[in-house]
Structure formats: C-alpha cells, structure tokens
Amino acid sequence: MPRVAVIGASGFAGALCAAIADRHPELELTTVTARSDVGRRLEDVYPRYRVALELEEYDADRVAERADAAFVGYPHKAAAPVVRELLERGLKVVDLSADFRLDRARYERYYQPHEAPELLERAVYGLTELHRDAIREADLVAAPGCYPTAAILALAPLKGLMADAVVDAKSGVSGAGREATQSTHFVSVAENVNPYKVEGHRHRAELEQELRQDGITFTPHLLPIDQGLLASCYVRTRAELGPEELRAVFAEHYENEPFVELAPDPPGVREVRDTNLCRIHATVEPASGRVLVFSAIDNLWKGAAGQAVQDMNLMLGLEETAGLL
C-alpha cells in the first residue's frame, strides 16, 4: 500500500487531503506536517476530519523515510523548494500551489521569479479530464486552481470554437485559504458579494494556457459561504451552435468522465458540496445566440484536495476514483 505524506496539513486544502488519504482504501497516511500548530493532533485543529496524526515540523529526510508520495499544501513560492527536495529523494509529488501550473513566462508575469525553474518542464497540469495520460507517467503534478478548474471544465468542449468568452465566477471564502480567512472579519463578507482583482486576476493565466485562448475576461467574486464555487461563462462562438448541437458537443467530450456530470438545469454549489464532482449545464440564449455554460464545484474538493487525490491515484497506478466516491 503506497505511503503518503501531507506537507502543510494545517491549511484548508492540506487538511482535507489528509482526511481523504486517511480514509482512502489504498493509501496509508503516515505523516502530516505544518508550519503552524506543530505538536497538535490534526483532529484537534479540524475535528470534523478525525485525523489522529500529530502535526510535525517539515523535514525532507524524515518524510522520505516514511512516504512514497506527498501532497504539498504550501503557498506559491514556499512550495517550490519543498517540491524540489522531495523529488530529489524519489517521492512522487502533487503540488497544490501555483508554482508548477504555468510555463515560466506566465508564472513570472503573474507571480514572481520562479524558485525552481528547472522543474517546470517536468510538471504536468493536473486537470485529469485534459491530461490523464500524462499524469499517469508524471512524478510532479500541479493541481489546478479552483477557479480555473470550474472554468476550464466549462469551456474545454468549446476549445477552438470560441471567438471570446466572459467568465463570471463566485467562490466561498475558504478559497482564500486559512490564514486569509482568519484575518478577514465576518462582517466584511456576511450579507455581501464582492468582485475583486477585476483588472487582472492571476488565475486568468491558467485559462489562457489550457484553453489556448487569449483575451478571456475573468472576474472573481467572494460569496458569504464557506465552500462552493460557481462559474457562469458567456461565450460567442465562431460559428452558430444550436442547443441540440451544443449538448451533443458536451456529451461527447465528457462521455465516461467519472467526476463530470451534465445537468439538465443550471447547477448550484449545494449539489456538489463535499464531493469531487463538477456539474455543468450548457445552453444557448435565443435572443443573442450566445452560449451559456454554468459549472459548479466544491472549491476544496474538485478545486483543490479532491482533485489532488484524483491525480495521485493515477500517478500511483490506482483506480482514479479510489477514495473519492
């Protein structure tokens, strides 16, 4: 049974990775580390997950002695050196930060100088519905961001058909991470909806890269809920598509995909909470001929930890759905 570690298990995504791995029928969770809360049991920090392991300080050699693979839940920039150390010790790694999602030019334009540029060619973008075969062969996979996951899955069937696209996306506050969420006062999000970074959110880079489409308008919003993400996408296609033709395009693209459901009506985030599912509804607005696609995920599951486990299953030669259904 493959042994796994979670580096950065005190954050929202890392803690959920640990919880899924702990109850996974074909993985053994051996180590959880943290930069804060060291010495506490993970179940005391997140009682709902019931993971009894003690949070330790990160030590690459100690992790390598106990694990064959690792999830890295550090923020961007902090993750890259840790990923390098683990790869040097022979572990397979799924990184949940942005450090290995983009080519170097895009990363340094949207983030900062890269801490481990020599590893970028080795990394595979971890959206399984697009890169399943490459993920199976990889030892470094970059789990996508939550916003790009929902938006790319909504738009991927239209790749090459889009003239332009607007992505209006809304996420629960857990998407900002534990540290940011703890520092945000409740009254700033309660009974409120806010757009933010409207002149250039860095998740746009993933949309441009994976869809090979420049000029996508992407606007994120913060919702007063803890988990859930909805992407509403408005697309002008190069050639007119009728409703039946559009549905056939999506049905063919997502045939046999275990974690994509095509919904008969626009989905809500409650339908996918605490699952690794993405529910998608596509239609055509009669008045304008514009294609409308709505995509709902749980930002901590399919948008982060669940997808990371889906990647790891493939990397370790396990059933892709193991531990996730």
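Residues numbered from 1 in each chain as written. Predicted model: local features only at pLDDT ≥ 70, side-chain atom pairs only at ≥ 80, totals over all residues. Heavy atoms only, no water.

**Q** I'd love a proper account of the sheet that holds strand 8 (residues 162–172), names of residues and values included.
**A** Strands sit in the order 9-10-8-11-14-13-12 across an open sheet of 7 strands; the sheet is mixed. Both edges of this open sheet fall to strand 9 (194–195) and strand 12 (260–262), since each of them pairs with a single strand only. In this structure, strand 11 (residues 229–237) lies alongside strand 14 (residues 291–297), joined through 7 bridges in antiparallel fashion. Residue pairing in the sheet places Cys233 in a bridge with Val293 of strand 14. (Pairing = 2+ DSSP bridges. Helix = DSSP H or I, 4+ residues; strand = E, 2+ residues; numbered from the N terminus.)

**Q** How would you summarise the packing of helix 7 (residues 146–155) against helix 9 (residues 204–211) if you had to cite specific residues and measurements?
**A** At their nearest, the axes of helix 7 and helix 9 sit 10 Å apart, and the two run at 30° to each other. Here helix 7 is positioned roughly parallel relative to helix 9, judged by the angle of their axes. Read as a crossing pair, helix 7 and helix 9 show a hand that is right-handed. In this structure, helix 7 contributes Pro148, Ala151, Ile152 and Leu155 to the contact, and helix 9 contributes Glu206, Leu207, Glu210 and Leu211. Here the residues of the contact of helix 7 with helix 9 sort into 6 nonpolar, no polar and 2 charged. (Axes fitted to C-alpha atoms, helices over the stretch in contact; angles between N-to-C directions. Parallel < 35°, antiparallel > 145°, perpendicular 65-115°, else oblique. Left-handed = near helix turned anticlockwise from the far one by under 90°. Contact = heavy atoms within 4.5 Å. Nonpolar A, V, L, I, M, F, W, Y, C, P; charged D, E, K, R; others polar.)

**Q** Break down the state of the cysteines for me, citing the residues and quoting the values.
**A** Simply put, disulfide is the name for a covalent bond between the sulfur atoms of two cysteines. Counting across every chain of the model gives 0 disulfides. Just so you know, Cys233 is unpaired, no disulfide at all, and the nearest cysteine sulfur is the one on Cys278, 9.8 Å from it. Here Cys278 falls in the buried class, since its relative accessible area comes to 0%. (Disulfide = S-S within 2.5 Å. Buried < 20%, exposed > 50% of the residue type's maximum accessible area, 1.4 Å probe, protein only.)

**Q** Explain the pairing of strand 11 to me, using residue names and the numbers behind them.
**A** In this sheet, strand 11 lies alongside strand 8 in antiparallel orientation, the contact comprising 9 bridges. Opposite Val166, over in strand 11, you have Tyr234 as the bridge partner.

**Q** Can you tell me about the layout of surface pockets, naming the residues and giving the values?
**A** One number sums up the size of the second largest pocket: a volume of about 350 Å³. Lining the second largest pocket are 15 residues, with Arg101, Tyr125, His131, Gln209 and Glu210 sitting closest to its centre. For the lining of the second largest pocket, the secondary structure elements donating two or more residues are strand 6 (124–125), helix 6 (128–137) and helix 9. Of the residues that constitute the lining of the second largest pocket, the class distribution is 7 nonpolar, 2 polar and 6 charged. (1 Å grid on protein atoms, 1.4 Å probe; cavity = no way out; pocket = protein on both sides within 12 Å on 5 of 7 lines; lining within 4 Å. Points joined across faces, edges and corners; volume = space filled by probe spheres on them.)

**Q** Tell me about the sheet that holds strand 1 (residues 3–7), and name the residues and values.
**A** Spatial strand order, 3-2-1-4-5-7-6: 7 strands in an open sheet with parallel pairing. Every other strand in the sheet has two partners, leaving strand 3 (55–56) and strand 6 as the edge strands with one partner each. Taken together, the 4 bridges between strand 1 and strand 4 (residues 69–72) define a ladder with parallel strand orientation. The partner of Val6 across the bridge, within strand 4, is Phe71.

**Q** Before we move on, can you summarise helix 11 (residues 301–315) with the specific residues and values?
**A** With 15 residues, helix 11 extends just 18 Å between its outermost C-alpha atoms, more than 12% less than the 21 Å of an ideal straight helix rising 1.5 Å per residue. Gln307 marks the point of greatest bend in helix 11, at about 45°. For helix 11, the tally of buried residues reaches 15 of 15 residues, placing the bulk of the element in the interior. Within two residues after helix 11, Gly317 carries a phi angle of roughly 75°, on the positive side. (Expected span 1.5 Å × (residues − 1). Bend = angle between axes of the 7 residues up to and from the residue.)

**Q** How would you explain the pairing of strand 10 (residues 217–223) if you had to name every residue and give the values?
**A** Where burial is concerned, most of strand 10 is hidden: 5 out of the 7 residues are buried. Bridge count for strand 9 against strand 10 is 2 bridges, and the pairing is antiparallel. Residue pairing across strands places Asn194 opposite Leu222, the latter belonging to strand 10.

Purely spatial values, then, with no claim about function.
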